[in-house]
Amino acid sequence: MNVAVCVKQIPDPAVPGTLSADKTLDRAGKLILDESDSYGVEMALQLVDAAGGGEVTLISMAPNDEVSGLRTALAMGAAKAILVSDPALAGSDALSTAKILAKSIERAGDIDLVLAATESSDGYTGTVPAQVAELLGWPALTFSKHVEIADGKVKVQRQTEAGYDEVEASLPAIVSVTAGVVEPRYPSFKGIMAAKNKPVDKVTAADLGLDAGQVGWAGARQEIVNIEQAPARQAGEKFEDDGTGAEKVVAFLEQLKVV
Amino acid sequence: MKVWVFAEVALDKVTTATLELLTKAREIGSDVEAIYAGAGDAAAVAASVGAYGATKLHVIDPGDGLPGQVAAATIAQLAGEQSPDVILFAQSYDGRDALARLSVKLDKPVLTNGMSLSANGDALTFGTAIFGGVTLVDVKLTTDGPALIAIRPKSFAAEESGGAAAAVANVATADSGRAAEAKILAQHVEEQQGPKLEEAAVVVSGGRGIGAAENYEPLVEELAKVLKGAWGASRAIVDAGWVPYALQVGQTGKTVKPKVYIALGISGATQHLVGMKGSDNIVAVNKDGEAPIFSVADLGIIGDVHKVVPVLIEALKAKS
Ligand SMILES: Cc1cc2nc3c(=O)[nH]c(=O)nc-3n(C[C@H](O)[C@H](O)[C@H](O)COP(=O)(O)OP(=O)(O)OC[C@H]3O[C@@H](n4cnc5c(N)ncnc54)[C@H](O)[C@@H]3O)c2cc1C
Ligand SMILES: Nc1ncnc2c1ncn2[C@@H]1O[C@H](COP(=O)(O)O)[C@@H](O)[C@H]1O
């Protein structure tokens, strides 16, 4: 079974984000594998393993030919990657991104299953996987917290407002997985060395047959009209607990008439 | 302006997020209609959405498919015939499914994670927050409608209009191709005791500072119960598997706005704060006096949860 995993490469979320001159998130520095996507990579490796054959292909769109995050996922065990990097893609919104990813999946060819995260750490629209599915004309099993493959079908537990649903579809299909669906492995030293020589197919929007009007700022069809700091909440009183901490909380709750 | 709202039902009730969207729809539009994809009691849904201002309810039967994904093809067809200016979705599971597929069908961009929305004539301004809620960004679409917009729950208050039940229009389900192949085999309701996290007047949340999974029940749940509130969690302890994801508060979890939010052993990362800083009052117990949670707390106790919380629970029990 061949599995493709959409992996986003993002600025380190531990470092406070900034905006670049064109008001998009500044992605100029070094990018890393979005932790949310490490679950999809692990899931893909496990499913291919369980199927007894096939390989894992990574799909990523990122600026400046960025491969750091891809190398991390290749070191975990993915076989190869397609990287779409093109200045024309700056400013791409969720739909343009989905168009790029869908074309890349077609380019990979012979894919039975596509995995993505339910939402990215820096964009968190949570729509890209189902948009990709619609572009490919495939079923989408979204917000999945458990995934298994049997008899040519994929079966998941999908989060709902009230609990979860068991959902099944025939292949090929796309599945978006929540954090925690599996425990991502740490790349081994051997894996890290091997990753350096694994193939990364670098392509542009034009290589995928998409013209500039469909992607990037032109495709996004929106403009940022204002940016400001969110009003800060005023801090109140702070006490060192000297044994009367609980009392102070009780008094506070009484004053609010909560007790 | 003609505004449609994608209505959702959970546990036999129209969700609060839907009612919030209808309230906003009334403010920005003159003509408000709702769409419901599901097998629930259409008359009951029509009464609920009518009471919040929808005059018409388009009902789509998704069969055993995922409601949002099956409905998208039908909504696209309806939109082609009736030209709504805006379609609002909750930033929910089915809401995002419907929104995503619809955006491809109509080839329109999506605006997601909305926290504000206003209209000036026909011009919409959509507001969202980035960097974990620190920076607010306003966006305008530069293409014609329908504008496809998803809004985070709790962004607006839900207010009744006192309207009559919406007129039900059953719509023939359009062919959604392989999207309909994802079938729901079984539904599981996870028992939830006490009030809902999003609706409780008091929310008590625990973080990594509670030390271990087995401390959650006696500290966090117990305090919530004596206050007749709901219990929540930071992502750190959800990821660690101490509590289920449904309890997560924050950017990738739920947004809560209770009268009182009590944070126990939570550092106060921006991604957590974005889900709770709209609370009326915030109490924090953390042993690190420099923890960022104190910057939003009305009452901060610098102390050990293992010392403060059991005494607090006993004191409250003694009062009731
Ligand atoms: C894209 C993204 C999305 C995220 N979404 C969310 C989200 O939705 N919700 C969320 O919560 N987080 C989210 N996070 C994670 C967030 O950044 C923090 O890592 C997380 O909130 C930390 O959880 P915590 O406060 O429980 O743990 P920690 O940050 O480890 O804090 C534990 C706190 O407990 C205190 N403590 C320790 N022992 C005691 C004691 N005995 N008594 C009292 N206090 C004690 C410590 O001083 C410390 O302040 C997200 C992160 C990213 C990158
Ligand atoms: N630029 C990208 N490259 C590869 N995968 C992406 C990209 N953007 C989004 N995705 C995938 O789609 C998921 C959801 O993204 P989003 O809709 O932006 O929250 C991500 O977690 C990734 O798996």
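Residues numbered from 1 in each chain as written. Chains lettered and ligands numbered in written order. Predicted model: local features only at pLDDT ≥ 70, side-chain atom pairs only at ≥ 80, totals over all residues. Heavy atoms only, no water.

1. What to know about the interface of chain B and chain A
Alright, step 1. Counting from both sides, the interface comprises 85 residues of chain B and, opposite them, 78 residues of chain A.
Alright, step 2. Across the chain B to chain A interface the summed buried area is about 7,000 Å²; carbon plus sulfur atoms make up 57%.
Alright, step 3. The partner of R235 of chain B in a salt bridge is E35 of chain A, and the shortest N-O contact between them spans 3.3 Å.
Alright, step 4. Remark: the boundary between chain B and chain A carries 45 residue pairs in polar contact (both at pLDDT 80 or more).
Alright, step 5. When residues in the side of chain B that touches chain A are grouped by element, the largest group, 10 residues, is from helix α4 (residues 93–106) of chain B.
Alright, step 6. A class-by-class count of the residues in the side of chain B that touches chain A yields 41 nonpolar, 23 polar and 21 charged.
Alright, step 7. In this sheet, strand β9 (residues 135–141) of chain B lies alongside strand β12 (residues 222–229) of chain A in antiparallel orientation, the contact comprising 7 bridges. Along β9 of chain B, the bridge assignment pairs Q222 of chain A with L141 of chain B. (Contact = heavy atoms within 4.5 Å. Buried area = accessible area lost by both parts, 1.4 Å probe. Salt bridge = Lys/Arg side-chain N within 4 Å of Asp/Glu carboxyl O. Polar contact = N/O pair within 3.5 Å; in protein donor to acceptor, adjacent residues only side chain to side chain. Helix = DSSP H or I, 4+ residues; strand = E, 2+ residues; numbered from the N terminus. Nonpolar A, V, L, I, M, F, W, Y, C, P; charged D, E, K, R; others polar. Pairing = 2+ DSSP bridges.)

2. Some details on the sheet that holds strand β13 (residues 202–206) of chain B
Alright, step 1. Read from one edge to the other, the open sheet built from 6 strands follows the order β13(A)-β17(B)-β16(B)-β15(B)-β13(B)-β14(B), with strand pairing classed as parallel. Looking along the sheet, the strands with just one partner apiece sit at the ends: β13 (237–240) of chain A together with β14 (230–233) of chain B. Pairs of neighbouring strands in the sheet enclose a mean axial angle of 15°, with direction left out of account.
Alright, step 2. Taken together, the 4 bridges between β13 of chain A and strand β17 (residues 299–302) of chain B define a ladder with parallel strand orientation. (Axes fitted to C-alpha atoms, helices over the stretch in contact; angles between N-to-C directions.)

3. Here we look at α4 of chain B
Residue and element names in this part refer to chain B.
Alright, step 1. If you check α4, its first and last C-alpha atoms are 20 Å apart, about what 14 residues at 1.5 Å a residue would give, namely 20 Å.
Alright, step 2. Within α4, 12 of the 14 residues are buried, leaving the element largely enclosed by the surrounding structure.
Alright, step 3. Among the residues of α4, the N-terminal cap falls to S92, whose side-chain oxygen and the backbone nitrogen of G95 are separated by 3.1 Å. (Expected span 1.5 Å × (residues − 1). Buried < 20%, exposed > 50% of the residue type's maximum accessible area, 1.4 Å probe, protein only.)

4. As for the site of ligand 1
Alright, step 1. Surrounding ligand 1, one finds 27 residues, the nearest of these being S234, V249, T252, S267 and N286 of chain B.
Alright, step 2. The environment around ligand 1 is built from residues contributed by chains A and B.
Alright, step 3. Taking G209 of chain B, its main chain carries an N or O atom lying 3.4 Å from a nitrogen atom of ligand 1.
Alright, step 4. Between V249 of chain B and ligand 1, the recorded distance is 2.8 Å, taken from a backbone N or O atom to a nitrogen atom.
Alright, step 5. If ligand 1 stood free it would expose 980 Å²; the protein chains cover 82% of that surface.
Alright, step 6. Among the secondary structure elements, those contributing two or more residues to the shell around ligand 1 are α6 (235–239), α7 (270–273) and α8 (305–319) of chain B.
Alright, step 7. The class makeup of the residues in the shell around ligand 1 is 6 nonpolar, 16 polar and 5 charged. (Near = heavy atom within 4 Å. Areas by Shrake-Rupley, 256 points an atom, 1.4 Å probe, with all protein chains shown as cover.)

5. Details of the site of ligand 2
All names here are of chain A.
Alright, step 1. Close to ligand 2 lie 19 residues; D37, M61, S120, T125 and G126 are nearest.
Alright, step 2. Between an oxygen atom of ligand 2 and a main-chain N or O atom of C6, the distance comes to 3.1 Å.
Alright, step 3. At 2.8 Å, a backbone N or O of S120 approaches an oxygen atom of ligand 2.
Alright, step 4. About the coverage of ligand 2: the protein hides 97% of its 480 Å² of free accessible area.
Alright, step 5. Every element with two or more residues in the shell around ligand 2 is listed here: β4 (56–61), α3 (94–108), β6 (113–117) and α4 (128–136).
Alright, step 6. At 3 residues, the largest contribution of residues to the shell around ligand 2 is made by β4.
Alright, step 7. Of the residues contributing to the shell around ligand 2, the split by class is 10 nonpolar, 6 polar and 3 charged.

6. A closer look at the sheet that holds strand β10 (residues 173–177) of chain A
Alright, step 1. The mixed open sheet is built from 10 strands, whose spatial order is β11(A)-β5(A)-β4(A)-β1(A)-β6(A)-β10(A)-β7(A)-β8(A)-β9(A)-β12(B). Of all strands in the sheet, those bounded by a partner on one side alone are β11 (200–203) of chain A together with β12 (183–189) of chain B. Adjacent strand axes in the sheet meet at a mean angle of 25° when their direction is disregarded.

7. Thoughts on unusual backbone geometry
Alright, step 1. A cis geometry characterises the amide bond from L171 of chain A onward to P172 of chain A, with omega recorded as -5°.
Alright, step 2. Tracing the backbone through its elements, the reader meets P172 of chain A in the loop between β9 (163–170) and β10.
Alright, step 3. Cis rather than trans, the peptide bond between G145 of chain B and P146 of chain B has omega equal to 0°.
Alright, step 4. With respect to the helices, strands and loops of the structure, P146 of chain B is situated in the loop between β9 and β10 (147–151).
Alright, step 5. A positive phi is found at K228 of chain B, a non-glycine position, where the angle reads about 55°.
Alright, step 6. In this structure, K228 of chain B sits in the loop between α5 (216–226) and β14.
Alright, step 7. The exposed category is assigned to K228 of chain B, whose relative accessible area is 70%.

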